Amino acid sequence: MARKPRILTAVRPQGGVAVRRALGEYAEVTPVYTYDHAVAALRGKSDFDLVLCGVFFDETRAFDLLRFVRQDFPALPFVACRIGDRAVPPVMAEAMGIAAKSMGAVTFIDMPLLHADSATDTDFRSQVLRHIR
């Protein structure tokens, strides 16, 4: 049996629950909640297949993590996302996606209602797993 893909999830704790529910059956999910823990996990275990990072991770350190991953692990796919119910204007969500992709993220997933239902989980899972290397 093929191994499950390994995903480092750098999200806020409340987002970690929704991410684990959506991906846990299909991937080995390693959650981290601070930039320092994310860097340590990446340096300590070089066999991640993807980094999934919320834009509000560790007081908005997502772009610092993206810069680190692009510099030290250039082939590792980095998916930026917005999950949870923090309200932002549509133009701000669009700007987050533009910034993430311009810095090297493979995509930006705007999924504020991830916790809502299983159909949303399925959509999110599909959008994440298609970027596994």
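The notes below deal with the structure included here. All figures in this text were calculated on a predicted structure; none of them were measured in a lab.

### Some remarks on the environment of Val 55
Reasoning step 1: The topology assignment puts Val 55 in the loop between strand S3 (50–54) and helix H3 (62–72).
Reasoning step 2: Val 55 sits 72 residues away from Gln 127 along the chain, and the two C-alpha atoms are 16 Å apart.
Reasoning step 3: The contacts of Val 55, once residues within four sequence positions are left out, are Thr 60, Ala 62, Cys 81, Arg 82, Met 96 and Phe 108.

### Here we look at the state of the cysteines
Reasoning step 1: What the rule picks out here adds up to zero disulfides.
Reasoning step 2: Residue Cys 53 stays outside any disulfide, its sulfur separated by 7.1 Å from that of Cys 81, the closest cysteine.
Reasoning step 3: For Cys 53, a relative accessible area of 1% corresponds to the buried category.

### Observations regarding the nonpolar core
Reasoning step 1: Among the nonpolar cores identified, the biggest contains 29 residues, and Leu 42, Val 51, Leu 65, Val 69 and Phe 78 are the most heavily contacted of them.
Reasoning step 2: Secondary structure elements with two or more residues in this core: strand S1 (6–10), helix H2 (35–44), S3, H3, strand S4 (78–83) and helix H4 (90–102).
Reasoning step 3: Apart from residues no more than four positions distant in its own chain, Phe 78 is found in contact with Val 51, Cys 53, Ala 62, Leu 65, Leu 66, Val 69, Arg 70, Ala 105, Val 106 and Thr 107.

Definitions and limits used
Counting of residues starts from 1 at the beginning of each chain's written sequence and follows it residue by residue. Only residues with pLDDT of at least 70 are given local features in this predicted model, and only at 80 or more are side-chain atom pairs given and counted; all residues enter the totals for whole chains, interfaces and linings. As a convention, hydrogens and water are excluded, and side-chain values are obtained from all of the structure's heavy atoms. Here a strand is any run of E in DSSP of at least two residues, a helix any run of H or I of at least four, and the numbering for each starts at the N terminus. For this analysis, residues touch if any pair of their heavy atoms sits within 4.5 Å. Criterion for a disulfide: a pair of cysteine sulfur atoms within 2.5 Å. Burial classification: accessible surface area is computed with a 1.4 Å probe over protein chains only, and a residue below 20% of its type maximum counts as buried, one above 50% as exposed, and the rest as partly exposed. Take the buried residues of types Ala, Val, Leu, Ile, Met, Phe, Trp, Tyr and Cys, join any two whose side-chain atoms come within 4.5 Å, and each joined set is a nonpolar core.

In short, the description is geometric, and any link to function would need to be established separately.
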